[in-house]
Amino acid sequence: ALVLGIESSCDETAVALYHTTDGLLGEALHSQIDLHAAYGGVVPELASRDHVRRLPGLLAELSHKTGRTLADVDAVAYTAGPGLVGALLAGASLAAGLAQGADLPLIPVHHMEGHLLAPVLSEPELDFPFVALLVSGGHTMLVACHALGRYELLGQSLDDAAGEAFDKTAQLLGLDYPGGPALAHLAAQGTPGRFTLPRPLTRQRGLDFSFSGLKTAVANQLAKVSDVQDHPDLAADFELAVVETLSTKCRWALEATGMSRLLIAGGVAANTRLRAALQTLCEAQGAHFFVPSAALCTDNASMIAHVGALRLADAQRSGAPVRARWPLSELSAPRGAAHA
Ligand code: ATP
Ligand code: MG
Ligand code: FE
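Taking an unreviewed UniProt entry as the reference, the protein is identified by name as tRNA N6-adenosine threonylcarbamoyltransferase belonging to Oceanococcus atlanticus. Among the UniProt annotations of the protein, the heading Sequence similarities (unreviewed entry) holds the following wording: "Belongs to the KAE1 / TsaD family." As stated in UniProt under Subcellular location (unreviewed entry), the record for the protein gives "Cytoplasm".

**A short note on the site of ligand 1**
The full set close to ligand 1 counts 24 residues, and Gly137, Gly138, Gly163, Gly180 and Gly267 are the nearest of them. Sorting elements by how many residues they give to the shell around ligand 1 places helix H6 (residues 179–187) first, with four residues. In terms of residue class, the shell around ligand 1 is made up of seven nonpolar, 15 polar and two charged.

**A word on the packing of H6 against helix H8 (residues 230–257)**
Look at H6 against H8: their axes get within 7 Å of each other, and the N-to-C directions meet at 115°. Put simply, H6 runs roughly perpendicular to H8. Judged by the sense of rotation from one axis to the other, the crossing of H6 with H8 is left-handed. Contacts between H6 and H8 involve Leu183, Ala184, Leu186 and Ala187 from the former and His231, Pro232, Ala235, Ala236 and Glu239 from the latter. Among the residues making up the contact of H6 with H8, the classes are represented as seven nonpolar, one polar and one charged.

**Considerations on the sheet that holds strand S6 (residues 130–135)**
The mixed open sheet is built from five strands, whose spatial order is S8-S7-S6-S9-S10. Single-partner strands in this sheet number two, and they are strand S8 (150–156) and strand S10 (288–290). The sheet shows a mean angle of 25° between the axes of neighbouring strands, direction not considered. As defined by bridge partners, strand S9 (residues 261–265) adjoins S10 across three bridges and the pair is classed as parallel. By the bridge assignment for S10, arginine 261 is matched with histidine 288. Packed onto the sheet, helix H9 (residues 272–285) meets S9 and S10 and runs at close to 160° relative to S10.

**Side note on the UniProt feature "domain: Gcp-like" (unreviewed entry) in the protein**
The UniProt entry lists residues 24–305 under the feature "domain: Gcp-like" (unreviewed entry), expressed in the numbering used here. Annotated as residues 24–305, this span is 50% helix and 17% strand, and its ends, taken at the C-alpha atoms, are 9 Å apart.

**A word on the pairing of S8**
Here strand S7 (residues 140–147) runs beside S8; their pairing, made up of six bridges, is antiparallel. Residue pairing across strands places valine 143 opposite leucine 153, the latter belonging to S8. Counting the residues in the hairpin turn of S7 and S8 gives two residues, including glycine 149, whose phi is positive at 85°.

**Quick look at the packing of helix H7 (residues 212–224) against H8**
Orientation of H7 relative to H8, taken along the N-to-C sense of each, is 160°, at an axis distance of 11 Å. The orientation of H7 with respect to H8, classified from their angle, is roughly antiparallel. Viewed along their axes, H7 and H8 form a crossing whose handedness is right-handed. For the pair formed by H7 and H8, the contact residues are Leu214, Val218, Gln221 and Leu222 on the first element and Leu234, Phe238, Ala241 and Val242 on the second.

Cut-off values and rules
Residues numbered from 1 in each chain as written. Chains lettered and ligands numbered in written order. Predicted model: local features only at pLDDT ≥ 70, side-chain atom pairs only at ≥ 80, totals over all residues. UniProt positions renumbered as here; feature names shortened; annotations may be inferred. Near = placed C-beta within 6 Å. Helix = DSSP H or I, 4+ residues; strand = E, 2+ residues; numbered from the N terminus. Nonpolar A, V, L, I, M, F, W, Y, C, P; charged D, E, K, R; others polar. Axes fitted to C-alpha atoms, helices over the stretch in contact; angles between N-to-C directions. Parallel < 35°, antiparallel > 145°, perpendicular 65-115°, else oblique. Left-handed = near helix turned anticlockwise from the far one by under 90°. Contact = placed C-beta atoms within 7 Å. Pairing = 2+ DSSP bridges.

As structure tokens, this is what we get:
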């Protein structure tokens, strides 16, 4: 079956085609970074309108790239949440319209399940069970993944998400939005070890995270340094603090679950230092490490079409609901799947 995936939960507009046996056929994506840059963050109303404006052109581009048309599509999968409700509605409305017009089934997809299973797109041999570290702009979670749709939350951020901490710290350092990649770039020019920054919530063996204090610690250090030349070193220490904290918790999660596979996903998984640290951790723990290519870490429609293909059994004939908030643990196995 050929599944069209539509992503519009935040500031990326994207469509992709995934075939259940042939795999990914192609994707067309537009990032709204330039649109929101002047405001230092995503403006929901601008995001919604831009999704509406871009989606038709992206569909045409996808068709051009893959040589497939709507007539070849068997089901339409769209991001139903979590995300900005107006932005979600733009994708959901298109999905509903296409499905009704071409008499196709609709599959509502959980955005974080998309991120979670994105590594499978580049590493088909990846199998359950595994521990997943989901680190994105809005989420930081450790999840024990037992089977498709059976996700057990081990820990999550009590305040800022990891990506949010990168973005806010980048803003403190005067870097442009989106701050994560800019901060990582600055950190690469610095040397860590000069500044003492906390490793939040690592004194006790818990799996929850807290990153807002780390951001404050950077602000305090920043007030003491006067030279701009100190910024790369401070950025390097911030990045190291986040990476070491995430790495410690991943080790504990592997030990607590007895699982031998670790996967990272979400935008922050694009971070080179984090990838290297977790690779080293897994080698030391005798675990297998899975990470998607950078393009599959940040928001995309390939991951949505992919989950749609795995959840064809959940397809519905009408209604394209969206949910701004949607806990991953509320998901279940696809309809009709055997209980694991
Ligand atoms: P969510 O998926 O939780 O709804 P989102 O979709 O906005 O949030 P993603 O697109 O998955 O999040 O990831 C974006 C985040 O990843 C941003 O916070 C960005 O700064 C961060 N990020 C991207 N690349 C890097 C990098 N190289 N280093 C650190 N952070 C990064
Ligand atoms: Mg984004
Ligand atoms: Fe995302």
